[in-house]
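Chain by chain, the residues:
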Amino acid sequence: MAQPSHFINTNAPPPPPPKHLELHYNTQQSFNYANKSAPSLSSQSSPLPSELSRTPPDTRASSVMNLSINGDQLLDHSHLKPGHKASLLSYAQTINMYRENAKKTNSPDIQCDFAIFMVEAAKPIQEEDVTRWEYLQEAEKLLKQLAARGHAESQYYLGNLYASGVLSKKNKNEFEKAFPLFVQATKHHHADAAYRAAKCYEDGLGCRRDYSKAVQFYKKAATLNHPGAMYRLGVADVNGELGLSKNPRDGVKWLKRSAEAATNEYPHAIHELALLHEKGIPNVVFVDLTYAVSLYVQAAELGYAPSAFRLGECYEYGKLECQPDPAMSIHFYTIAAQQGHREACFALTAWYLVGSPQVLPQSDEDAYIWARRAAEKELPKAEYAVGYFTEVGIGIQKNPTEAVTWYKKAADHGDKRAIQRLQGKPVEQKSEKKNGSQDDCTIM
């Protein structure tokens, strides 16, 4: 399954300070950072997505709402000075104002929002800048205080900060600190925390690996309608994982429940059900290719790359009773490729090599670009193709030295054609696609 990852954008500008309580601020308005999460735990053995789940908006009282004018979040204008010397408060002054306002309230939600804001403000700052670590230390201190008072969102968010390594100057994942916080938040019926605790138990992150405990926490999260937890239980039942005996009937029930609660972050159960309806399970799931395609479409609409890629194949080769349709194939390949799916990137290479009348203009340059993207994700046949393009001069200037570099990478990953090319065998010329598919394309 796909394992999405998170990265801090160090080039992004700092987030605008939110408007909060007290003084000249409107007491009903401020920014909500409640659902912003730190980068995820690493996942090793589990097929689950490792991306952080975010707390649904209705799971805690929101102290804030979004303000925007033309898409930009603004402070009110009561602090502006009249006359030719009019100016906004500096960024540091607005943070100080927010800090003072947060201190004046006893609301843990508001104080948690401020701590989260400080983390978000720190992320764009360079790591060597002392201001970054001052912000993070202040946020950590406040979150610890709130966590000690039993505030579930603070426990969960602080746990994620430790797990992601954001609070470590060495970028170390501090699972031993994160795990107990997830467990504490679970006691307050925090669905995401229960899911994260289960992942820790499954993968032995910050605790001893314990499948029975993992199942216990997955079930806790599932009772709170967490789609990721229901998906994991479904896969475990179908395949007999996590120490469970195979029970396809119960597994499918979990998958259906997860599919009903699917989100852009957790569309995996829809894809899994589609796979099951392709092959079927005797006396449990019947084969229904039309329904499988409809499920793939649902998952693709949620941005799930494997489903979009599968549809691209179906409409290119006429699989699963789909009529070949170049436009639909390219459409779904593009959805998957934009998510970084390496096979989809390479499929677009083939389409661009020959184009499709009234659908896609032929472009060697675009073919090279998509092949390069797939090759950078270490797809062996894409590495070979980039070497071929570079040697022959397709979409890029000829460069025999660079071509050899790519051939070596492909050979190291087991591509037989690359091995043969390095042994001095001649390069074949590219051929045209026939009948709108990749089958007759020599380099594919």
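Residues numbered from 1 in each chain as written. Predicted model: local features only at pLDDT ≥ 70, side-chain atom pairs only at ≥ 80, totals over all residues. Heavy atoms only, no water.

Q: Could you give an account of the nonpolar core, naming the residues involved and the relevant values?
A: Counting 63 residues, the largest nonpolar core has Leu 255, Leu 276, Leu 311, Tyr 333, Phe 346, Leu 348 and Phe 389 as its most contacted members. Broken down by element, this core gets its largest block of residues, nine residues, from helix H14 (residues 342–354). With 59 residues, the next largest nonpolar core counts Leu 143, Leu 167, Phe 175 and Leu 205 among its residues. (Core = buried A, V, L, I, M, F, W, Y, C linked by side-chain atoms within 4.5 Å. Buried < 20%, exposed > 50% of the residue type's maximum accessible area, 1.4 Å probe, protein only. Helix = DSSP H or I, 4+ residues; strand = E, 2+ residues; numbered from the N terminus.)

Q: Describe in detail the packing of helix H2 (residues 108–122) against helix H3 (residues 130–148), supporting the description with residues and values.
A: At a minimum axis distance of 8 Å, the contact between H2 and H3 shows a crossing angle of 155°. The angle between the axes of H2 and H3 places the two elements in the roughly antiparallel class. The handedness of the crossing between H2 and H3 is left-handed. Counted together, Pro 108, Gln 111, Cys 112, Phe 114, Ala 115, Met 118, Val 119, Ala 121 and Ala 122 of H2 and Arg 132, Tyr 135, Leu 136, Glu 138, Ala 139, Leu 142, Leu 143 and Leu 146 of H3 form the full contact between these two elements. When its residues are assigned to classes, the contact of H2 with H3 shows 14 nonpolar, one polar and two charged. (Axes fitted to C-alpha atoms, helices over the stretch in contact; angles between N-to-C directions. Parallel < 35°, antiparallel > 145°, perpendicular 65-115°, else oblique. Left-handed = near helix turned anticlockwise from the far one by under 90°. Contact = heavy atoms within 4.5 Å. Nonpolar A, V, L, I, M, F, W, Y, C, P; charged D, E, K, R; others polar.)

Q: Could you give me a rundown of the pattern of salt bridges, with the residues and numbers involved?
A: Considering all chains together, one arrives at 14 salt bridges under this definition. Across the pair Glu 376 and Arg 372 runs a salt bridge, and its minimum N-O distance is 3.2 Å. With Glu 376 and Arg 372 both in helix H15 (residues 364–376) and four residues apart, the pair spans about one turn of that helix. Given the relative accessible area of 52%, Glu 376 is considered exposed. With relative accessibility at 27%, the residue Arg 372 sits in the partly exposed group. (Salt bridge = Lys/Arg side-chain N within 4 Å of Asp/Glu carboxyl O.)

Q: Give a detailed account of the environment of Lys 319, specifying residues and quantitative values.
A: Along the chain, Lys 319 falls in the loop between helix H12 (305–317) and helix H13 (326–338). Separated by 30 residues in sequence, Lys 319 and Leu 289 place their C-alpha atoms 9.3 Å apart.

Q: Which residues make up empty space enclosed by the protein, and what values go with them?
A: The final tally for this structure, using the stated rule, is one cavity of 30 Å³ or more. Here the largest cavity defines a volume of roughly 30 Å³. Together, Gly 234, Val 235, Val 238, Asn 239, Leu 255, Glu 272 and Leu 276 line the largest cavity. For the lining of the largest cavity, the secondary structure elements donating two or more residues are helix H8 (227–239) and helix H10 (268–279). Class assignment for the residues of the lining of the largest cavity results in four nonpolar, two polar and one charged. (1 Å grid on protein atoms, 1.4 Å probe; cavity = no way out; pocket = protein on both sides within 12 Å on 5 of 7 lines; lining within 4 Å. Points joined across faces, edges and corners; volume = space filled by probe spheres on them.)

Q: Outline the side chain of Arg 132, supporting the account with residue identities and numerical values.
A: Examined against the element boundaries, Arg 132 turns out to sit in helix H3. Despite its burial, Arg 132 pairs with no opposite charge; the closest candidate is Glu 127, at 4.5 Å N-O. At a separation of 3.2 Å, a polar atom in the side chain of Arg 132 contacts the main-chain carbonyl oxygen of Ile 125. (Lys, Arg positive; Asp, Glu negative; His and termini not counted. Polar contact = N/O pair within 3.5 Å; in protein donor to acceptor, adjacent residues only side chain to side chain.)

Q: Which residues make up the packing of aromatic side chains, and what values do they have?
A: Taken as a whole and assessed by the stated rule, the structure comprises twelve aromatic pairs. Judged by centre distance (5.0 Å) and plane angle (85°), the ring pair of Phe 179 and Tyr 201 falls under edge-to-face. On the criterion of sequence distance, the pair formed by Phe 179 in helix H5 (residues 175–186) and Tyr 201 in helix H6 (residues 191–203) is long-range, its members being 22 residues apart. No difference in accessibility class separates Phe 179 from Tyr 201, as the two residues are buried. Arranged with centres 6.0 Å apart and planes meeting at 55°, the rings of Tyr 195 and Tyr 218 form a pair that is tilted. In this pair, Tyr 195 is assigned in helix H6 and Tyr 218 in helix H7 (residues 211–223), connecting sequence segments 23 residues apart. Overall, Tyr 218 belongs to the buried group, its relative accessible area being 0%. Among the aromatic residues, those joined into a ring-pair cluster are Tyr 384, Tyr 388, Phe 389 and Tyr 407. Seen from the ring of Trp 133, Arg 132 lies directly overhead, with NZ or CZ sitting 5.3 Å from the centre. Of note, Arg 373 hangs over the ring of Trp 370, and the distance from its end group to the ring centre comes to 4.4 Å. (Phe/Tyr/Trp six-rings, centres within 6.5 Å; stacked < 30°, edge-to-face > 60°. Lys NZ or Arg CZ within 6 Å of the ring centre and 35° of its normal.)

Q: I'd like a description of a negative patch on the surface, backed by residues and values.
A: Negative charge collects at one region of the surface, where Glu 127, Glu 128, Asp 129 and Glu 134 lie side by side. Within the fold, Glu 134 resides in helix H3. (Patch = residues over 30% accessible without salt bridge, like charges linked within 9 Å, V, L, I, M, F, W, Y side chains within 5 Å. Areas by Shrake-Rupley, 256 points an atom, 1.4 Å probe, with all protein chains shown as cover. Charge placed at Lys NZ, Arg CZ, Asp CG, Glu CD.)

Q: I'd like a description of the state of the cysteines, backed by residues and values.
A: What we call a disulfide is simply a covalent bond connecting the sulfur atoms of a pair of cysteines. Under the criterion given, the structure shown has zero disulfides. Cysteine Cys 322 remains unbridged, with the sulfur of Cys 314 as its closest cysteine sulfur at 4.7 Å. (Disulfide = S-S within 2.5 Å.)

Q: Got a sec to walk through the packing of H3 against helix H4 (residues 152–164)? Specific residues and values, please.
A: At a minimum axis separation of 8 Å, H3 and H4 run at an interaxial angle of 135°. Viewed along their axes, H3 and H4 adopt a mutual orientation that is oblique. Note that H3 runs across H4; the crossing there is left-handed. Contacts from Glu 140, Leu 143, Lys 144, Leu 146 and Ala 147 in H3 reach Ser 154, Gln 155, Tyr 157, Leu 158, Leu 161 and Tyr 162 in H4. In the contact of H3 with H4, the residues fall into seven nonpolar, two polar and two charged.

Q: Can you break down the environment of Ala 269 residue by residue, with the values?
A: One can find Ala 269 in helix H10. Residue classification places Ala 269 among the buried positions, given a relative accessible area of 1%. In this structure, the C-alpha to C-alpha distance between Ala 269 and Leu 295, residues 26 residues apart in sequence, is 9.7 Å. Once residues within four sequence positions are removed from consideration, Ala 269 is found in contact with Tyr 231, Leu 255, Ser 258 and Ala 259.

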